[in-house]
Amino acid sequence: MTIMQSFSELMHQRQQRETVKRSRLVETETEVSKLDVNNLNFFYGEKQALFDVSMTVPERSVTAFIGPSGCGKSTFLRTLNRMNDIIEGTRLTGKVTLEGQDIYAPEVDVVALRKRVGMVFQKSTPFPKSIFDNVAYGPKIAGQRNQKELQGIVEQSLKRAALWDEVKDRMQDSALALSGGQQQRLCIARALATNPDVLLMDEPASALDPASTARIEDLIFELKQNYTIVIVTHNMQQAARISDWTAFFFQGYLIEKDRTQKLFTTPKKKQTEDYITGRFG
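Residues numbered from 1 in each chain as written. Predicted model: local features only at pLDDT ≥ 70, side-chain atom pairs only at ≥ 80, totals over all residues. Heavy atoms only, no water.

Asker: Could you clarify how one ought to interpret the packing of aromatic side chains in this entry?
Answerer: Considering all chains together, one arrives at 7 aromatic pairs under this definition. Ring geometry for F42 versus Y44: centroids 5.1 Å apart, planes at 80 degrees, classification edge-to-face. Here F76 and F249 contribute two aromatic rings whose centre-to-centre distance is 5.4 Å and whose plane-to-plane angle is 40 degrees, an arrangement assigned as tilted. Of the two residues, F76 sits in helix α2 (residues 73–79) while F249 sits in strand β9 (residues 245–250), which places them 173 residues apart along the sequence. The exposure classification of F76 matches that of F249, with both residues buried. Three or more aromatic residues joined by ring pairs form one cluster here, namely F65, F76 and F249. (Phe/Tyr/Trp six-rings, centres within 6.5 Å; stacked < 30°, edge-to-face > 60°. Helix = DSSP H or I, 4+ residues; strand = E, 2+ residues; numbered from the N terminus. Buried < 20%, exposed > 50% of the residue type's maximum accessible area, 1.4 Å probe, protein only.)

Here's what the structure looks like:
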């Protein structure tokens, strides 16, 4: 069986698995966009890392970024909530809009932006606090002081992150005592607690065992019913399993973006096909 055939079989299995019916499908170019990127160039000092990237991210979908190490996919992910702003010497040209609003406009509150566009990192980063305080951290920073309200937010966020049943009787235990997979789901719950519109995930399962990875993938599949998710992954099979759209990056350029099934089975660009079939990367 060729690699292309194996991806076709994976797509068939995914279609059989996808029994949850959404009110609208992310299968057409006319979908409502959540994020729009136009002619984006990004620089670390004098070094240019991204070149003229333009892309639309449809709402309530999963968009995966793939490509070899150093191709710019994580840098691009961080432009979507201005996380690169904390790196000295970086600059950006072009435009990124969230529901039509330029997120790099001078009047934009970056803290408020990052509540709307949450982020989950490759390595789970729980705070050295209790499980409850980890999830309640964002709402508390936003000014929520009502304990009953906080308890409701924490419970709902943990349920959305498929972690509630495992931790509901140990909410005051240290988050650092959780397993790696549980810590990553806790970080997802913490991001959900601020009620974001978009969830960015940078290799969220790369450090996890296969069982924990499967749980994270199942969780992403469920979350996309209510959130717009953008994920960076080195695992092409993972992208094929969970994403609606896939974008292939190479040396700072966006080479191709298409519906996941089309990109993995009938890519338009030879560079994409060469990467998917393992000829380079």
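Asker: What should I look at first to understand the sheet that holds β9 in this one?
Answerer: Strand-to-strand pairing in sheets goes through backbone hydrogen bonds, with the strands running parallel or antiparallel. Pairing in this open sheet of 6 strands is mixed, and the strands run β6-β7-β8-β3-β9-β10 from one edge to the other. Sheet topology places β6 (117–120) and β10 (253–259) at the edges, where each strand pairs with a single neighbour. Going from strand to strand, the sheet's axes swing by 20 degrees on average, the running direction of each strand aside. Relative to strand β8 (residues 228–232), strand β3 (residues 62–66) runs parallel, the two being bridged by 4 bridges. If you follow F65 over to β8, its bridge partner there is V232. Contacts from helix α7 (residues 180–192) reach β6 and β7 (198–202) within the one sheet, and its direction differs from that of β6 by about 170 degrees. (Pairing = 2+ DSSP bridges. Axes fitted to C-alpha atoms, helices over the stretch in contact; angles between N-to-C directions. Contact = heavy atoms within 4.5 Å.)

Asker: Teacher, can you tell me more about the pattern of salt bridges here?
Answerer: A side chain of one charge can pair with a side chain of the opposite charge when the charged atoms of the two come close. This model, assessed by the stated rule, comprises 15 salt bridges. R82 is the salt-bridge partner of D85, the closest N and O atoms lying 2.7 Å from each other. Note on R82: relative accessible area 13%, which makes it buried. One salt bridge in this structure joins K224 and D244, with 3.3 Å as the shortest N-O distance. On the criterion of sequence distance, the pair formed by K224 in the loop between α8 (210–223) and β8 and D244 in the loop between α9 (236–242) and β9 is long-range, its members being 20 residues apart. The pair K224 / D244 is uniform in exposure class, with both members buried. A single salt-bridge network, built from bridges that share partners, covers K34, E59, E99, R116 and D197. (Salt bridge = Lys/Arg side-chain N within 4 Å of Asp/Glu carboxyl O.)

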